[in-house]
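Listed below are the residues making up each chain.
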Amino acid sequence: MNLPLELAPVESPEEKEAVARLYGEPLLELPKDLYIPPDALEVFLEAFEGPLDLLLYLIRKANLNILDIQMAPLTGQYLEYVEVMRATNLELAAEYLLMAAMLLEIKSRMLLPRPAREAEEELDPRAELVRRLLEYEQMKMAAARLDTLPRAERDFEWISVFVAEKVVERLPEVSLHDLQVAWLRIMKKARLTQHHRVGREQLSVREHMTAILRKLGDGAFVVFDTLFDHALGPAGLVVSFLAVLELVKEKLVHVTQNEAFAPIYVKLADGSRDDA
């Protein structure tokens, strides 16, 4: 089987000698009037936020102990970097020059001989510098931890949702258990205030229904407990309770409460007031 063989394109001598390409065409020599200013391109390999940041970088790069800094090599490396900065941006190097003067002072104090008595009393010249470096390193690490936290408009966006419909609060329904608990509470109060009577009474549920409807005649909410007259005794309270249940059954009254385990309210149902 014979397969087609594709040959790589052969570059012409002009393309090999081209110094650049303009719109795909080889450019054999640069234009005579081409001018490139010396500072047209600048490359910054490291960026530091201040002299302390530079010192900390040099210490960590040389793997030095920050509590026992070797001032001679550190000062030399620092001055080399400051010289480069002075050649490019003198205004930016001002604070770096101040730190360079401080390093030279510390270096000279460590190199100059001191009497034995003064050497014992004098503190380490590097102590203040070490303190500032440690504080700066702690703040830099804390800033790095804060930067890892989620930030609005960088890691996520705020979204606001407009709800046009009005939310209607739904009140909890009154269950049979709630009525039973309220009834037991009324009976407990009745036992504390009742008098011993012996007799037979003729009680009518319809009469109690009428009396309850009269109490609710103005259409306002009435506390469930106030519909019962404790002076009637247990029998009268039972009939009144049956009357309330009958009114609820016939949908003549409405029973509700604001929240669970809250007081129960009774109100005349819509339309029943006109009928009354």
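Every chain begins its residue count from 1, and numbering advances along the sequence as written. Local features are withheld for residues below a pLDDT of 70 in this predicted model, meaning they are given only at 70 or higher, and side-chain atom pairs are given and counted only at 80 or more; totals for whole chains, interfaces and linings count all residues. Hydrogens and water molecules were not included; the side-chain quantities draw on all heavy atoms of the structure.

Colleague: Just to check I follow, could you spell out the overall build of the protein for this structure?
Modeller: Each helix and strand in the protein was counted, giving ten helices and five strands. Note on contacts: a residue pair is in contact if any heavy atoms of the two residues lie within 4.5 Å. Of the contacts formed within the protein by residues at least 6 apart in sequence, a portion of 60% connects residues at least 24 apart. Helix numbering and strand numbering both begin at the N terminus, where a helix is a DSSP run of H or I of at least 4 residues and a strand a DSSP run of E of at least 2.

Colleague: Where do I start with the packing of helix α8 (residues 205-215) against helix α9 (residues 233-249) in this structure?
Modeller: Any two packed helices are characterised by the angle at which their axes cross and by the distance between the axes. Axes here refer to lines fitted to C-alpha atoms; in helices the fit is confined to the stretch in contact. Angles between the N-to-C directions go from 0 to 180 degrees. Close contact between α8 and α9 brings their axes to 8 Å; oriented N to C, the two are set at 70°. Classified by the interaxial angle, the pair formed by α8 and α9 is roughly perpendicular. In this structure, α8 contributes Val205, His208, Met209, Ile212 and Leu213 to the contact, and α9 contributes Gly236, Val239, Ser240, Leu242, Ala243, Val244, Glu246 and Leu247. Three classes are used, and their members are as follows: Ala, Val, Leu, Ile, Met, Phe, Trp, Tyr, Cys and Pro are nonpolar, Asp, Glu, Lys and Arg are charged, and the others, Gly among them, are polar. For the contact of α8 with α9, the residue count by class is nine nonpolar, three polar and one charged. Here the word oblique covers every angle except those under 35 degrees (roughly parallel), over 145 (roughly antiparallel) and from 65 to 115 (roughly perpendicular).

Colleague: Just to check I follow, could you spell out the environment of Val205 for this structure?
Modeller: With respect to the element layout, Val205 can be found in helix α8. Only protein chains enter the accessibility calculation, which uses a 1.4 Å probe; a residue is then buried when its area is under 20% of its type maximum, exposed when over 50%, and partly exposed in between. Its relative accessible area of 31% is what places Val205 among the partly exposed residues. Distance in space between the C-alpha atoms of Val205 and Gly236 is 9.6 Å, their sequence separation being 31 residues. Those residues in contact with Val205 that sit more than four places away from it in its chain are Val239, Leu242 and Ala243.

Colleague: Please explain the nonpolar core as it appears in this structure.
Modeller: Among soluble globular proteins, nonpolar side chains are generally buried collectively. Residue types Ala, Val, Leu, Ile, Met, Phe, Trp, Tyr and Cys, when buried and joined through side-chain atoms within 4.5 Å, form a set referred to as a nonpolar core. With 24 residues, the main nonpolar core has Leu55, Tyr78, Leu129 and Leu133 as its most contacted residues. Of all the elements in the fold, those that place two or more residues in this core are α2 (51-61), α3 (71-88), α4 (94-111) and α6 (127-148). Top contributing element to this core by residue count: α2, with six residues. If sequence neighbours within four positions are ignored, Tyr78 has contacts with Pro51, Leu54, Leu55, Leu58, Tyr96, Met99, Ala100 and Leu103. With 23 residues, the next largest nonpolar core counts Trp183, Ala190, Phe224 and Val266 among its residues.

Colleague: Looking at this structure, I do not really get the packing of aromatic side chains. What am I missing?
Modeller: The geometry of an aromatic ring pair is captured by the separation of the ring centres together with the interplanar angle, meaning the angle of the planes. Ring pairs are drawn from Phe, Tyr and Trp, using the six-membered ring of Trp, whenever the two centres fall within 6.5 Å, and their geometry is named by plane angle: stacked under 30 degrees, edge-to-face over 60, tilted for the rest. Considering all chains together, one arrives at three aromatic pairs under this definition. Between Phe221 and Tyr265 the ring centres are 6.5 Å apart and the planes differ by 85°, which places this aromatic pair in the edge-to-face class. On the criterion of sequence distance, the pair formed by Phe221 in the loop between α8 and β3 (222-223) and Tyr265 in strand β5 (residues 264-268) is long-range, its members being 44 residues apart. In this structure, Lys267 packs its charged tip against the face of Phe221, placed 5.8 Å from the ring centre. Definition used: whenever NZ (Lys) or CZ (Arg) falls within 6 Å of the ring centre and also within 35 degrees of the ring normal, the charge is taken to sit over that ring.

Colleague: For this particular structure, what's the right way to read the sheet that holds β5?
Modeller: Strands pair in a sheet through their backbones, by hydrogen bonds, and they do so in one of two ways: parallel or antiparallel. When DSSP finds two or more bridges between a pair of strands, those strands are recorded as paired. Strand order in this open sheet of three strands is β3-β5-β4, and the pairing throughout is antiparallel. Strand pairing shows two members of the sheet lacking a second neighbour, β3 and β4 (253-257), which therefore form its edges. Examined bridge by bridge, β3 and β5 share two bridges and lie antiparallel to one another. Residue Val222 lies in a different strand from β5, and its bridge partner there is Val266.

Colleague: Could you clarify how one ought to interpret a nonpolar patch on the surface in this entry?
Modeller: Together, Val205, Val238, Leu242 and Leu245 make up an exposed nonpolar region whose accessible area comes to about 270 Å². Counting residues per element, the nonpolar patch draws most heavily on α9, at three residues. Patch members must show over 30% relative accessible area and no salt bridge, and they are joined within 9 Å when carrying like charges or within 5 Å when they are nonpolar side chains of Val, Leu, Ile, Met, Phe, Trp or Tyr. Surface accessibility follows the Shrake-Rupley procedure with a 1.4 Å probe radius. Residue values consider only the protein chains on display as shielding. Salt bridges are defined as contacts in which a side-chain nitrogen from Lys or Arg sits within 4 Å of a carboxyl oxygen from Asp or Glu.

Colleague: Where do I start with helix α7 (residues 176-193) in this structure?
Modeller: By this rule, a helix spans an expected 1.5 Å times one less than how many residues it contains. Taking 1.5 Å per residue, 18 residues should reach 26 Å; α7 reaches 26 Å between its end C-alpha atoms and fits that length. Those residues of α7 not exposed but buried are Asp178, Leu179, Ala182, Trp183, Ile186, Met187 and Ala190. Looking at the packing, one finds that the buried side of α7 touches α9, β4 and β5.

Colleague: Looking at this model, I keep getting lost on the side chain of Ser240. Mind explaining?
Modeller: Relative to the helices and strands, Ser240 is located in helix α9. On the accessibility criterion, Ser240 (3% relative accessible area) is buried. Not counting residues up to four positions away in its chain, the partners in contact with Ser240 are His208, Ile212, Phe228 and Leu232.

Colleague: Mind showing me how you'd approach the pairing of β5 here?
Modeller: Looking along a regular strand, one sees side chains alternate from face to face of the sheet. With four of its five residues buried, β5 lies for the most part within the structure. With five bridges connecting them, β4 and β5 associate as antiparallel partners. Residue pairing for β5: Val253 is matched across the bridge by Leu268. From the end of β4 to the start of β5, which pair antiparallel, there are six residues, and Phe261 there has a positive phi angle of about 65°.

Keep in mind that these numbers describe shape and distance, not what the molecule does.
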